[in-house]
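# Tertiary structure, described
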Amino acid sequence: MKTPLLQVSNLSKCFYTGYKGFKRQYNKALKPVSFELNTGETLAIVGEAGSGKSTLARILVGAETRSSGEIFFEGEALEKRNLKQRCKLIRMIFQDPNTSLNPKLTIGDLLDEPLKFNTTLNAKERREQVVDRLKKVGLLPEHAEFYPHMISEGMKQRVAVARALMLDPKIIIADEALTALDLSVRSQILNLLLKLQKEMGLSYIFVSHNLSIIRHFSDKVMVLHKGEMIEKASTEELFNAPKHEYTQRLIQEQALLTQKR
Ligand SMILES: Nc1ncnc2c1ncn2[C@@H]1O[C@H](COP(=O)(O)OP(=O)(O)OP(=O)(O)O)[C@@H](O)[C@H]1O
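Below: a short report on this structure. (Residues numbered from 1 in each chain as written. Predicted model: local features only at pLDDT ≥ 70, side-chain atom pairs only at ≥ 80, totals over all residues. Heavy atoms only, no water.)

Moving on to the site of the ligand. Around the ligand, the neighbouring residues are Phe-15, Asn-27, Ala-29, Glu-48, Ala-49, Gly-50, Ser-51, Gly-52, Lys-53, Ser-54 and Thr-55. The separation between an oxygen atom of the ligand and a polar main-chain atom of Glu-48 is 3.5 Å. Bound to the protein, the ligand loses 58% of the 640 Å² it would expose on its own. Where the shell around the ligand is concerned, the elements lending two or more residues are β2 (23–37) and α1 (53–60). In terms of residue count, α1 provides more of the shell around the ligand than any other element does, three residues in total. Taken together, the residues of the shell around the ligand sort by class into three nonpolar, six polar and two charged. (Near = heavy atom within 4 Å. Polar contact = N/O pair within 3.5 Å; in protein donor to acceptor, adjacent residues only side chain to side chain. Areas by Shrake-Rupley, 256 points an atom, 1.4 Å probe, with all protein chains shown as cover. Helix = DSSP H or I, 4+ residues; strand = E, 2+ residues; numbered from the N terminus. Nonpolar A, V, L, I, M, F, W, Y, C, P; charged D, E, K, R; others polar.)

Taken as a whole and judged by the stated rule, the model has four aromatic pairs. Taken together, a centroid distance of 5.8 Å and an interplanar angle of 20° make the contact between Tyr-204 and Phe-217 stacked. Here Tyr-204 is found in strand β8 (residues 203–208), whereas its partner Phe-217 is found in helix α8 (residues 211–217), with 13 residues between them in sequence. Using a relative accessible area of 6% as the deciding quantity, one classes Phe-217 as buried. Between Phe-206 and Phe-217 the ring centres are 4.4 Å apart and the planes differ by 55°, which places this aromatic pair in the tilted class. (Phe/Tyr/Trp six-rings, centres within 6.5 Å; stacked < 30°, edge-to-face > 60°. Buried < 20%, exposed > 50% of the residue type's maximum accessible area, 1.4 Å probe, protein only.)

If you trace the backbone, Met-150 turns up in the loop between α5 (123–136) and α6 (153–165). The partly exposed category is assigned to Met-150, whose relative accessible area is 46%. It is 28 Å that separates the C-alpha atoms of Met-150 and Cys-87, two residues lying 63 residues apart in sequence.

This part is about unusual backbone geometry. A positive phi angle, near 50°, is found at Asn-10, a position not held by glycine. With respect to the secondary-structure elements, Asn-10 resides in strand β1 (residues 6–20). One non-glycine residue with positive phi stands out, namely Glu-74, at about 45°. One can find Glu-74 in the loop between β4 (68–73) and β5 (76–77). The exposure class of Glu-74 is partly exposed, given its relative accessible area of 45%.

With that settled, consider the sheet that holds strand β9 (residues 220–225). Strand order across the open sheet formed by six strands is β6-β7-β8-β3-β9-β10, with mixed pairing between neighbours. Looking along the sheet, the strands with just one partner apiece sit at the ends: β6 (90–93) and β10 (228–234). The sheet shows a mean angle of 20° between the axes of neighbouring strands, taken without regard to direction. Sheet analysis places strand β3 (residues 42–46) next to β8, joined by five bridges and oriented parallel. In the sheet register, Ala-44 faces β8, and the bridge partner there is Phe-206. (Pairing = 2+ DSSP bridges. Axes fitted to C-alpha atoms, helices over the stretch in contact; angles between N-to-C directions.)

Take the side chain of Asn-118 next. Tracing the backbone through its elements, the reader meets Asn-118 in helix α4 (residues 107–118). Residue Asn-118 is classed as buried on the basis of its relative accessible area, which comes to 13%. At 2.9 Å, the side chain of Asn-118 and the backbone oxygen of Pro-114 are in polar contact. What Asn-118 contacts, discounting residues up to four positions off in sequence, is Lys-84, Cys-87, Lys-88 and Leu-167. (Contact = heavy atoms within 4.5 Å.)

Now for the layout of surface pockets. Considering only enclosed or pocket space, the largest pocket measures out at about 350 Å³ in volume. If you trace the largest pocket, you find 16 residues lining it, with Arg-91, Met-92, Ile-93, Phe-94 and Arg-163 closest to the centre. Of all the secondary-structure elements, those providing two or more residues to the lining of the largest pocket are α2 (83–89), β6 and α6. Here the lining of the largest pocket takes four residues from β6, the largest share from any one element. Class assignment of the residues belonging to the lining of the largest pocket gives a composition of 11 nonpolar, two polar and three charged. Computed from the structure, the second largest pocket encloses a volume of approximately 290 Å³. (1 Å grid on protein atoms, 1.4 Å probe; cavity = no way out; pocket = protein on both sides within 12 Å on 5 of 7 lines; lining within 4 Å. Points joined across faces, edges and corners; volume = space filled by probe spheres on them.)

Listed below in structure tokens is the structure:
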């Protein structure tokens, strides 16, 4: 059997929240979850606010520790790699480029940063990489001299995508990366992500509460509810025959919202 690109086994997270009387209190943000992701595949993680989606994403990129469980990358425990190596494998795109992109840096410097800290490339080689990624996301080499406030929201999210691509990761986690965008821009970024996936063989973990995006974009879906994984299926299976009552409700609510529009 083929080794999956990413294998997550019984991953969980408890946050210590203080004392109640003499007893330490914990918030079970993520109850044990297991899943696999193969090369070129898109896994969607869906759930309401507070269901543990971001906690899971943050653990995968090494921004949060886990309480239990294991993560394997191409069959090898991920903790065998240091943080530098890890961020070459898995990168993240966040919801709002206005907060994820430092407004004091030019686009060129924003894209150069990951290369400066994680590679031994010289300035000329780094510049070539920056220009290459700008082109890959549909921007121009001249945009390197711009500051984030000088470009549109859609272009800012393109820069965020380019920044995630700088170290040639295998997996990109998009944490509500389309949520803040206008509908027309959203479809442009969605198409860009699909194009990049084809060109570069990327795998995506798509964190979202928007079922209509998930339906068109992902191969498989995992539903989280109050920190628990309650359903996991191929996208087709999940939308055509949702097993869990909560998933059925999510799909019905989404259908009502779509009708109202
Ligand atoms: N640093 C922390 N300390 C304590 N509790 C936390 C911390 N981070 C998250 N939590 C709690 O963990 C649970 C899951 O949060 P998480 O942000 O992962 O959910 P989410 O599904 O991503 O929600 P959202 O869509 O609002 O981002 C919530 O109850 C949250 O309050």
